[in-house]
Amino acid sequence: MMINKKTKMYFGSVTAISILVLSFHMLALKFIYNYIGLMLDGNGLAGEKKKEIVVKAENFKNYSQYFTNAFLLANFFFLILIGIILLTRIINLKMYLSSYLLFEVIQIIGISIFIQIFNKYELTEGFGRWRILHRNALFWIILIIPIIIYLLNRKQKK
């Protein structure tokens, strides 16, 4: 099977965007791990030192929330982008679904490795953001609508 230059470039772009989205998820988790570590360290302290640690920990928690929002928005952006590419007929349905599958595989493998390396507190929260995203109806609507439109357009042309 011959893979042309456009296909290689498309899947290279999908891989790059997937890694970018994965980095948002990893940063959000790393800030949560740092938050928990600081809160545990500050647990035995008293006075001014504890207040400083709590302020630092709250900053980490806020950073985690920012990167969680970036992760969710980047996922939606990715789906909208490949949906537009599908509807402009630059790719076919098989490539659309393959790129989505590649995106999900990179997310799952990457976050699994990250959790194995950095989860020293035995948290089960690592896939929480991913689960929240996939329970969101908007995610599935953005994924499925381009497929329906593509199939309807294809049926009308026949």
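Above this text you will find the structure in question.
How each quantity is defined
Residues numbered from 1 in each chain as written. Predicted model: local features only at pLDDT ≥ 70, side-chain atom pairs only at ≥ 80, totals over all residues. Heavy atoms only, no water. Helix = DSSP H or I, 4+ residues; strand = E, 2+ residues; numbered from the N terminus. Buried < 20%, exposed > 50% of the residue type's maximum accessible area, 1.4 Å probe, protein only. Contact = heavy atoms within 4.5 Å. Patch = residues over 30% accessible without salt bridge, like charges linked within 9 Å, V, L, I, M, F, W, Y side chains within 5 Å. Areas by Shrake-Rupley, 256 points an atom, 1.4 Å probe, with all protein chains shown as cover. Salt bridge = Lys/Arg side-chain N within 4 Å of Asp/Glu carboxyl O. Lys, Arg positive; Asp, Glu negative; His and termini not counted. Charge placed at Lys NZ, Arg CZ, Asp CG, Glu CD. Phe/Tyr/Trp six-rings, centres within 6.5 Å; stacked < 30°, edge-to-face > 60°.

Brief notes about the side chain of His 25
Along the chain, the position of His 25 falls in helix α1 (residues 5-42). The class of His 25 is buried, set by a relative accessible area of 1%. Those residues in contact with His 25, other than ones at most four positions away along the chain, are Phe 71, Ile 111, Gly 126, Arg 129 and Trp 130.

Here's the deal with a positive patch on the surface
A grouping of Arg 89, Arg 154, Lys 157 and Lys 158 is seen on the molecular surface, where their side chains present a positively charged patch. Looking at where Lys 157 falls in the secondary structure, it is placed in helix α5 (residues 137-157).

Description of the environment of Ile 141
Tracing the backbone shows Ile 141 in helix α5. What makes Ile 141 partly exposed here is its relative accessible area of 45%.

What to know about the packing of aromatic side chains
Under the definition given, this model contains 11 aromatic pairs. With a centroid separation of 5.3 Å and 75 degrees between ring planes, the pair formed by Tyr 10 and Phe 11 is classed as edge-to-face. For Tyr 10, a relative accessible area of 9% puts it in the buried group. With centroids separated by 6.3 Å and ring planes inclined at 50 degrees, the aromatic side chains of Tyr 100 and Phe 139 adopt a geometry described as tilted. Here Tyr 100, found in helix α3 (residues 93-118), pairs with Phe 139, found in helix α5; they are 39 residues apart in sequence, far enough to count as distant. An aromatic cluster is built from Phe 24, Phe 31, Phe 60, Tyr 63, Tyr 66 and Phe 67, whose rings are joined through pairwise contacts.

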